[in-house]
Structures are given as structure tokens and as C-alpha cells.
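As a plain string of letters, each chain reads:
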Amino acid sequence: MVSDQTIADHYSQGELGRKILNALMTLGVDPEHLDPDQLATVDEFHIGGRQATVELLDQLDLHPALRVLDVGSGLGGTARYLARRHGVEVTGVDVTAEYVEVATSLTRRSGLSKLVQFRQASATTLPFSDGSFDRVCMLHVGMNISDKAALFAEIRRVLVVGGRFGIYDLMRVGPGEISYPVPWAGSSATSFLMEPHRYRELLTQAGLPVQTERDRRGFGIGALHEVRARVARDGLPALGLHLVMVPEPALKIANMLDSLERAVLAPTEMIAIAQ
Amino acid sequence: MAVDLDAALMEILACPCPAHAQLRSGTAADPDADALTCTACGRSFPVTDGIPVLLLHEALPGTGPDADSGGGGG
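Residues numbered from 1 in each chain as written. Chains lettered and ligands numbered in written order. Predicted model: local features only at pLDDT ≥ 70, side-chain atom pairs only at ≥ 80, totals over all residues. Heavy atoms only, no water.

Participant: What am I meant to see in helix 10 (residues 249–261) of chain A here?
Facilitator: Note that an α-helix has 3.6 residues per turn; residues three or four places apart therefore point the same way. Residue and element names in this part refer to chain A. With 13 residues, helix 10 extends 18 Å between its outermost C-alpha atoms, agreeing within 8% with the 18 Å of an ideal straight helix rising 1.5 Å per residue. Those residues of helix 10 not exposed but buried are K252, I253, N255, M256, L257, S259 and L260. Where helix 10 ends, the next residue or the one after it, A263, has phi of about 55°, a positive value. (Helix = DSSP H or I, 4+ residues; strand = E, 2+ residues; numbered from the N terminus. Expected span 1.5 Å × (residues − 1). Buried < 20%, exposed > 50% of the residue type's maximum accessible area, 1.4 Å probe, protein only.)

If you want it as C-alpha cells, here you go:
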């Protein structure tokens, strides 16, 4: 079994916070008074970035004072967007210490610490009481978790009855090999891809039947081509995902795009409701 | 320095152990330590720069159900 630490090691680099602050200062931004929207090019670590976040969260029926858990919160982009746009209280968990540290720092600098907090924790042993949250979201996380039955059981446990769970994961939609590295894994040893029907089965078994599902392959291919065209035209931006996706960001993107274009993988949304 | 976490957050925070029991500030040996301790399994978790590390395998050595054998994790 792959340990949490192996996954955390894939995402750790040791100087991410400093690189992001340097990039912000290059852009003339005061690092002590950040506008969270200025971070969207670096803190939304999933295909389609902010637009994908907005479209997933719009299906969660959010309103102020709800308690939301973001599983695999990364640098906290989705968590800060949730708090700012929807006025909800957000807790983010991530297994990577460096991400939790940078997410906490960027949130403080954005003045959102009262609404948004982060904990270093494993998604399959969540450090919360039963029924602690009204909503849970999870963006590009399941690919790193081998025991999805345990993951979904934990998410069901911390949700209230009737609570919504929004997923945006890369799922296996057809046969074929995947070339590594990809953004979530250096090799197949830490990549746990599953078909949408298996997600639905495991979610149902956990008491989280899926209400809606949406294949986002076309959207994902378009978004990745757009990123590549922008980099080819303008070069790498000061503040971009290449700061996070080290080493070999271009190769990881190319391999992921190839798996989408061959219809081996597809970014897929699912909305489940806790029974 | 004692751990000072938001009261609302302390209410929902629980140990990642199967009991998911409440956490209290400090450790059994030092109530003012920068740590959170489970009221069921006894594991103590470090709080680094205000961020609790609530991973079973990162529980402080000598705390929790395996304390007698010197292990701290789960």
C-alpha cells in the first residue's frame, strides 16, 4: 500500500511559498494584502482552473454560514474562492505539509483567515466529528487515493444527511496506456485511476448516491490547449502552475493532454447526496 | 505556548483514530505544549506554526495505544 508520505513527497519541493511571493512581488503586488483572484493562475491546480472550480461549486447549492470541507485543498485556491464568493466557512485538508503551510500563509495575506482554515490530514482518516460539514468538495484528488471505499466512507461520515459532495476527478473512460509523469504522479505506482461506474458503485455503497454526472473531456482538452497556446505566445507567466508542477511541467501536461485526446482519461464531475 | 484555536473549529475537530474522539490542548505531560491530545486513544499531535498535523503516523512518539512499545503512529 502506498503511504500518505509517498504522495506528499510527490507534491513537496521545499521552496514553494518563497517562489510564489517572489513572483507576486515581480508583478508589483503587495504580498501582505493579496486579492485572492490574483492567485488564480497558480492556486487552482486542476484542469480548467478557476472556471472548472466555479462550474463544480455552482452545483452545490451554497449559501452563507454553511460549513464546507475541501478534501485535498492544495494551495487553498478553491477554499478561498468558496469563502469569498459564497461566504461559507471552509476547512481544507491536505496530506502535503508544504501545501498546508503555503495555503495558510496565502489565506492570511488575503485577509480570509476567519473563514478559511487548513489542517494536515489524510483523506481516509479525517480529523473531524461525524456530521461536521454541510458540503464537501474534492478536485483532482481521487487519482492519488487507492482505497476509495475508505475515502467515501469518511466523507459520508463527516457530512450531514442531505449534504452534498462534489467531485472533479480524472477518471478512466477507455482502454490504453498512460505515459508518465503526469501532474498527479511520477509513475503508475502512485496513480489510482478508476472508471466512473466504479466511482458510482463505491459512492452508493458509502451512502452517497450520485445525482448528476458530467463528462468534461472536451472542456479539459480545450483548456489545456489554451494554456499551451498562451505559453507558446507569451512565454511562462511570472505566476503560473509551472511553479507548483515541478519538475517537468510541460511533459506532465503533454502526457495528460494525450490521455484525454485518446479518450483514455476524462475529467469528470459527480454530485452525490448523503443519505 | 498553549494552542489557541478557534472555538468553532475545536468543536468539529476530532482525532483521526477510529473513535474520532475530541481533542484537548496540550499533552498529558505538558498541558501548555503546542499539541492536541485525543481523549480516547491518547495520541498527541504536534501543532506547527499554528497548523495541527492530524496524521496518525505523525503522532508524537510515546503517545497513543502503542506508547508502551515506544511507537506513536497507527
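Participant: Explain the packing of aromatic side chains to me, please; I cannot follow it from the model alone.
Facilitator: Aromatic ring pairs are reported here in terms of the distance separating the ring centres and the angle at which the planes meet. Residue and element names in this part refer to chain A. Under the definition given, this model contains five aromatic pairs over all chains. Summarising the aromatic geometry, the rings of Y11 and F45 are spaced 6.2 Å apart at their centres and angled 90° between planes, so their arrangement reads as edge-to-face. Separated by 34 residues along the polypeptide, Y11 in helix 1 (residues 4–11) and F45 in the loop between helix 3 (40–43) and helix 4 (49–57) bring together distant segments of the chain. A relative accessible area of 12% places Y11 in the buried class. Taking the relative accessible area as the measure of exposure, F45 reaches 24% and is therefore partly exposed. Aromatic ring contacts, followed pair by pair, group Y11, F45 and Y99 into a single cluster. Over the aromatic face of F219 sits the side chain of R216, whose NZ or CZ is 4.0 Å from the ring centroid. (Phe/Tyr/Trp six-rings, centres within 6.5 Å; stacked < 30°, edge-to-face > 60°. Lys NZ or Arg CZ within 6 Å of the ring centre and 35° of its normal.)

Participant: Which parts of the structure should I look at to understand the interface of chain B and chain A?
Facilitator: It is common to give the size of an interface as the accessible area that goes away when the parts come together. Residue-level contacts link 19 residues of chain B with 22 residues of chain A. Between chain B and chain A the total buried area reaches about 1,500 Å² when both faces are included, carbon and sulfur atoms providing 59% of it. Summed over the three residues of chain B that lose the most area to chain A, namely I12(B), H20(B) and I51(B), the buried surface amounts to 36% of that side. On the surface where chain B and chain A come into contact, there are zero salt bridges. Seen at the junction of chain B and chain A, the total is five residue pairs in polar contact (both at pLDDT 80 or more). Sorting the residues of the side of chain B that touches chain A by element identifies helix 1 (7–12) and strand 4 (51–54) of chain B as the ones contributing at least two each. The leading source of residues in the side of chain B that touches chain A is strand 4 of chain B, at four residues. Across the side of chain B that touches chain A, the residue classes tally to 13 nonpolar, three polar and three charged. (Contact = heavy atoms within 4.5 Å. Buried area = accessible area lost by both parts, 1.4 Å probe. Salt bridge = Lys/Arg side-chain N within 4 Å of Asp/Glu carboxyl O. Polar contact = N/O pair within 3.5 Å; in protein donor to acceptor, adjacent residues only side chain to side chain. Nonpolar A, V, L, I, M, F, W, Y, C, P; charged D, E, K, R; others polar.)

Participant: Can you help me understand the state of the cysteines in this one?
Facilitator: Two cysteines whose sulfur atoms are joined by a covalent bond form what is called a disulfide. Taken as a whole and assessed by the stated rule, the structure comprises zero disulfides over all chains. In this structure C17(B) is not part of a disulfide, and its nearest cysteine sulfur, from C15(B), lies 3.5 Å away. (Disulfide = S-S within 2.5 Å.)

Participant: What should I look at first to understand the pattern of salt bridges in this one?
Facilitator: Pairing of side chains with opposite charge becomes possible as their charged atoms draw close. Residue and element names in this part refer to chain A. Overall, the coordinates contain 21 salt bridges over all chains when judged by the stated rule. Measuring nitrogen to oxygen at the nearest pair gives 3.2 Å for the salt bridge that ties D134 to R67. One end of the pair, D134, is in strand 4 (residues 133–139); the other, R67, is in strand 1 (residues 67–71), and 67 residues separate them in sequence. Classification of D134 as buried rests on a relative accessible area of 14%.

Participant: What should I look at first to understand the pairing of strand 3 (residues 44–48) of chain B in this one?
Facilitator: Residue and element names in this part refer to chain B. When you tally the buried positions in strand 3, you get four out of five residues, the bulk of the element. Here three bridges tie strand 2 (residues 35–38) to strand 3, and the two strands are oriented antiparallel to one another. Paired with A35 across the two strands is P46, which belongs to strand 3. Taken together, strand 2 and the strand that follows it, strand 3, pair antiparallel across an intervening segment of five residues, in which G42 is found at a positive phi of about 85°. As judged from the two bridges shared by strand 3 and strand 4, these two strands associate in the antiparallel manner. (Pairing = 2+ DSSP bridges.)

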